[in-house]
Amino acid sequence: MSDIPRRSAGRAIRLAALPLGHAGRTAAGLGRLLGGAPAEAVAAQVAARTADQLFSVLGQLKGGAMKVGQAMSIFESALPDEIAGPYRSALTALQDAAPAMPATTVHRVLAAELGPDWRSSFADFDDTPAASASIGQVHRATWADGRAVAVKVQYPGAGEALMSDLRQLSRVARLSGGLGPLGAMGTGIDLRAVTQELQDRMSEELDCTLEADAQRRFAAAFADSEHFAIPQVLAGTGRVVVMEWLDGMPLSHIVRDGTQEQRDHVGSAYLDFLLAGPDHVGLLHADPHPGNFRLTADGRLGILDFGAVNHLPGGIPPAVGRLLGLALTGDDTAQAVLAGLVDEGWVHADADVDAQELAEFIAPFLEPARHDRFRFARGWLRECFAHVTEPRWQPVLAVLDLPPDYLLIHRVWAGGIGVLCQLGAEVETRAILTHWLDELELPPT
C-alpha cells in the first residue's frame, strides 16, 4: 500500500464517492425491490454495503477523513438501532485500526527522524503495526535498555491530507445533507470561526514534539496514581514518539463484550480522568474516542494518545460549573442561565429568546447530574438527539453559537458522553462533577 495520498484531487474523488456510492446502491436496491425482493432485506443489503465502503474509504484515506469517521463512531449510540446497526461494527473498527503503511515507509520516517542508525536505539523492532489511527500508526519494539516500547510513526503527507480533508469534507457534507442528524439544522454558529479554530488545533496534532511534551506532563502528574496509567515518553521528534509499552484491554472491546462491572468501573475512571487533567496538568485530553484508552490488568485506566489537548492553565472555566449548578436549581434561575450563556458566547448577545424555553431545551442533557448514580445508555442519547430535532426548538437553535474557545471542551464533553453511552456505564456523575468543576453547587437529589 502507498503512503497517504498527497494529491487532494484523488482524496476528493474518494470522499465524494461516499454520498454518490450510497445513491448508486440505493438505486440498485430499488431495482431489486421492484423485482420482488423483500423491502427489509433490500434495506439491510444497502446499509451493509454502505457501511463497508465507509470503513474502506475513511480507513484508506486516514488524515481528517478517518478522524471524522472516528468521531462518527462515538455518536452511533445516538442513532436508532435499525439505522446504526449495519454501521456499528464498521465505525467501531475505526477506533482501533486502519490499513497500514508499508515497512519501507516506516523505516524511511524513522531514519529521517531518529537518524540513519535508528536501529541502534532498539534491541528489536516489529515491522507489523500493532495499531493504526488517523495520522499515524504504532509499532511494538524493544528499547536498547530492554524496555518494551510503543513507537508511534506519523504517516508521510499527514499534514497535507489532514488540511485537505477539512476542506473536502465540508463540501461532501453539503452534498449529502450534513454528517449525522445535526447536519441540516439551522443554528447561529459562526462556522468560519469554528472551522478556523479546528484547523489551528488539528495542525498542532501534526507536531509530535508537542504530543510528547503533553504526555510527559500527564505522566508526571499521574505518576503515583492508583487510578490512571500513562506511559513514560522516551523520545519525541516532529513525526515520531517512543513511549513505554502499555498492555490492557481496549475500551472498544469492553463496549462489545465487557461485563457490567467493567463498564461501570471504566466509565467512572474515564469521566474522572477527562475532568482531572485540567486540574492536575492544565491540559484537557481532547481526543476521547475509545481507541485511546485501555483497562490494565491492575484495574487502572490507561491513556495512550496525547496529540490533541486543550490548554486550560486555570482548569475548566468556572462558568461551566456555575451555570450547570444554576440550570439544575430550578425555574427561577432560567434568566440567570441565559445571561451567563450570553456572557460566555453560547447565545448571541442580541438574541430574542425566552429564557424558560431555553431552559426546557437544555433540560434533557442535564439529566446525568440530577442523580447520584446515572446509567448512560444508547436509548437516553437517542432521546436527546430526537429532542433536539423537534421543530419547536428551531428558534432556540437559531440563537445558539459555539465559542471557539470552547470548541475542544465541547468536543470532549459530547464525545465523552457518547463513549459512556456505548459502554452503558452507571457512574456517580454528581460526585465526579462536584469534585472537579469549580463553583458547581448542585441541589439535593
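Engineer: What exactly am I supposed to notice about the overall build of the protein chain here?
Structural biologist: A count of helices and strands for the protein chain gives 17 helices and 13 strands. Here the protein chain, with 445 residues, has 50% of them falling under the buried criterion. Look at the contacts in the protein chain between residues 6 or more apart in sequence, and 72% of them connect residues 24 or more apart. Of the roughly 19,600 Å² that the protein chain leaves accessible, carbon and sulfur atoms contribute 56%.

Engineer: Where do I start with the state of the cysteines in this structure?
Structural biologist: Here a disulfide denotes a covalent bond joining the sulfur atom of one cysteine to the sulfur atom of another. Counted by the stated rule, this structure contains 0 disulfides. Unpaired in terms of disulfides, Cys 384 finds its nearest cysteine sulfur in Cys 421, a separation of 7.7 Å.

Engineer: Explanation requested: the packing of aromatic side chains in the structure shown.
Structural biologist: Given two aromatic rings, one states the distance between the centres and the angle between the planes to describe the pair. Within the structure shown, the criterion is met by 18 aromatic pairs. For the pair Phe 376 and Trp 380, a centre-to-centre distance of 6.0 Å together with 80 degrees between the ring planes defines the contact as edge-to-face. Owing to a relative accessible area of 3%, Phe 376 belongs among the buried residues under this scheme. Here the aromatic residues Phe 218, Phe 222, Phe 228, Tyr 270, Phe 273, Phe 293 and Phe 306 are joined through ring pairs into a cluster of three or more. Directly above the ring of Trp 393 sits Arg 392, whose terminal nitrogen or CZ lies 3.9 Å from the centroid.

Engineer: Whenever I open this one, helix H16 (residues 407–423) confuses me. Can you help?
Structural biologist: Within an α-helix, residues lying three or four positions from one another point in the same direction, as the helix has 3.6 residues per turn. For H16, spanning 17 residues, the distance from its first C-alpha to its last is 24 Å, which sits close to the expected 24 Å at 1.5 Å a residue. In terms of burial, H16 is a largely internal element, 13 of the 17 residues being buried. Note on H16: the residue one or two positions beyond its end, Gly 424, has a positive phi of about 65 degrees.

Engineer: Mind showing me how you'd approach helix H10 (residues 260–280) here?
Structural biologist: Taking 1.5 Å per residue as the helical rise, H10 with its 21 residues ought to reach 30 Å, and the 29 Å between its terminal C-alpha atoms agrees with that figure. Of all bends in H10, the biggest is about 25 degrees, found at Leu 274, and the proline Pro 278 comes one to four residues later. Remark: Gly 282 follows H10 within two positions and exhibits a positive phi of approximately 75 degrees.

Engineer: Can you walk me through unusual backbone geometry in this structure?
Structural biologist: Glycine aside, a negative phi is what most residues show, and trans is what most peptide bonds show. In the Ramachandran plot, Glu 439 falls in the positive-phi region, its phi being about 65 degrees despite a non-glycine side chain. Within the secondary structure layout, Glu 439 lies in the segment after helix H17 (429–436). Its relative accessible area of 48% is what places Glu 439 among the partly exposed residues.

Engineer: Even after reading the chapter, I still don't get the nonpolar core, so can you show me in this structure?
Structural biologist: Nonpolar side chains in soluble globular proteins tend to end up buried together. The biggest cluster of nonpolar side chains holds 58 residues, and the ones touching the most others in it are Phe 218, Phe 273 and Leu 301. Aside from chain neighbours lying at most four places away, what touches Phe 273 is Phe 218, Phe 222, Phe 228, Ile 230, His 285, Phe 293, Leu 301, Ile 303 and Phe 306. If you look at the next biggest cluster of nonpolar residues, it comprises 19 residues, including Met 101, Leu 110, Val 149 and Leu 206.

Engineer: Looking at this structure, I do not really get the pattern of salt bridges. What am I missing?
Structural biologist: Side chains carrying opposite charge are able to pair once their charged atoms draw close together. Taken as a whole and assessed by the stated rule, the structure comprises 16 salt bridges. Among the ionic pairs, Arg 239 bridges to Glu 113, the shortest N-O distance being 3.2 Å. With Arg 239 in the loop between strand S5 (233–236) and strand S6 (240–244) and Glu 113 in helix H5 (residues 103–114), the pair connects residues that are 126 residues apart, well separated along the chain. Take Glu 113: its relative accessible area is 22%, and that puts it in the partly exposed class. A salt bridge links Glu 426 to Arg 375; its shortest N-O distance comes to 3.1 Å. You can see Glu 426 sitting in strand S13 (residues 426–427) and its partner Arg 375 sitting in strand S12 (residues 374–375), a full 51 residues away along the chain. Within the structure, one salt-bridge network assembled from shared partners comprises Arg 373, Arg 375, Glu 426 and Glu 428.

Reading the values: rules and limits
Residues numbered from 1 in each chain as written. Predicted model: local features only at pLDDT ≥ 70, side-chain atom pairs only at ≥ 80, totals over all residues. Heavy atoms only, no water. Helix = DSSP H or I, 4+ residues; strand = E, 2+ residues; numbered from the N terminus. Buried < 20%, exposed > 50% of the residue type's maximum accessible area, 1.4 Å probe, protein only. Contact = heavy atoms within 4.5 Å. Areas by Shrake-Rupley, 256 points an atom, 1.4 Å probe, with all protein chains shown as cover. Disulfide = S-S within 2.5 Å. Phe/Tyr/Trp six-rings, centres within 6.5 Å; stacked < 30°, edge-to-face > 60°. Lys NZ or Arg CZ within 6 Å of the ring centre and 35° of its normal. Expected span 1.5 Å × (residues − 1). Bend = angle between axes of the 7 residues up to and from the residue. Core = buried A, V, L, I, M, F, W, Y, C linked by side-chain atoms within 4.5 Å. Salt bridge = Lys/Arg side-chain N within 4 Å of Asp/Glu carboxyl O.

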